Amino acid sequence: MSLPTIVSFWHGPISWLEKLCLRSFVRQGHAVELYAFDPVADLPEGVTLHDAAEILPRDQLIFYKGVGTPGVFSDRFRLCLLRQDKGLYSDLDVYCLRPFSDLPPYVMGWETQRSVNNAVLRIPPESPVLDDLLGIFERRGRPLLEPHLPLGRRLEVAARRLMGAAVPPEHMQFGATGPFALTHYLRRHGLMEMVQPASVFYPIPYEGIPALMQPGSMIETAITEQTLAVHIWRSQLTRRGRAGMPNPAPGSALYMLCERDGIDLP
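As a starting point, this report considers the structure included with it. (Residues numbered from 1 in each chain as written. Predicted model: local features only at pLDDT ≥ 70, side-chain atom pairs only at ≥ 80, totals over all residues. Heavy atoms only, no water.)

### Details of the sheet that holds strand β3 (residues 47-51)
The strands making up a sheet associate through backbone hydrogen bonding, with each pair oriented either parallel or antiparallel. Spatially, the six strands line up as an open sheet ordered β3-β2-β1-β4-β7-β6, and their pairing is mixed. Each end of this open sheet is capped by a strand with a single partner; those strands are β3 and β6 (107-110). Averaged over all pairs of adjacent strands, the angle between strand axes in this sheet comes to 35°, irrespective of strand direction. Those strands touched by helix α1 (residues 16-27) are β1 (6-9), β2 (32-36), β3 and β4 (88-90), and its axis lies near 150° from that of β2. Across the sheet, helix α5 (residues 179-188) is in contact with β6 and β7 (116-122); its angle to β7 comes to roughly 80°. (Pairing = 2+ DSSP bridges. Helix = DSSP H or I, 4+ residues; strand = E, 2+ residues; numbered from the N terminus. Axes fitted to C-alpha atoms, helices over the stretch in contact; angles between N-to-C directions. Contact = heavy atoms within 4.5 Å.)

### Topic: the packing of helix α3 (residues 128-135) against α5
The interhelical angle for the contact between α3 and α5, taken along N-to-C directions, is 140°, at an axis separation of 10 Å. As for how α3 packs across α5, the hand of that crossing is right-handed. Taking contact as the criterion, the partners of Val129, Asp132 and Leu133 in α3 are, on α5, Ala181, Leu182, Tyr185, Leu186 and Arg188. For the contact of α3 with α5, a count of residues per class yields six nonpolar, no polar and two charged. (Left-handed = near helix turned anticlockwise from the far one by under 90°. Nonpolar A, V, L, I, M, F, W, Y, C, P; charged D, E, K, R; others polar.)

### Concerning the packing of aromatic side chains
Under the counting rule described, the total for this entry stands at twelve aromatic pairs. Judged by centre distance (5.9 Å) and plane angle (55°), the rings of Tyr35 and Phe77 are tilted. A residue pair is termed long-range when its members are at least 10 positions apart, and Tyr35 in strand β2 and Phe77 in helix α2 (residues 71-83) qualify at 42 residues. For Phe77, a relative accessible area of 0% puts it in the buried group. (Phe/Tyr/Trp six-rings, centres within 6.5 Å; stacked < 30°, edge-to-face > 60°. Buried < 20%, exposed > 50% of the residue type's maximum accessible area, 1.4 Å probe, protein only.)

Set out below in structure tokens:
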């Protein structure tokens, strides 16, 4: 069984959650390559660290609204990894339950009935979808009305640009370079049938993630025969990066996963 290489990007120290998710892919037999601009301490055995500057220079690292998370940069970085055919991208808050084997060239999944998430993503390097998604990061030549944004935010960005503001991607709505864009351009290119059901990568909704930190919680009740992974949404546990990563309570689903995979909690 040939498994795709799992590639990801990270900036800053890693917590128990990232270690847990990296370890889960290694345990399922995947080669795992992590890209970062700085050394990353305490990586699980089997994870190979690469210099992110091989893909994008460090001076292009940006943060949401200048002070938030590097999520917008991460959205761009994963697209560049896919353009260079480095592997199948996964965020570091995706816990692998089964090997990602025999997947089609396009890999992504529904998060909700209306939104396709990009936490697990593969798009063929030559796909025009990649051209459109990467085009969002161009600083010049963008349309006044960004077609991938919800109508209200589309008009807001247009109004700000008419008043002279550039409004780059990191100053648009959170998710503008991720699920909003991916959903829009997959639909535009007639590729919606390629999207995996939510049960494959997103069996637990965003709102249900905090419960996994509480005693008595279980992930097994959400898992089906289709489920390959569980997106644990780090942002739900850290208030979108504004708080540190708490430890799961003893007896909780995430605590038991850490115990099983040998991940020490601070």
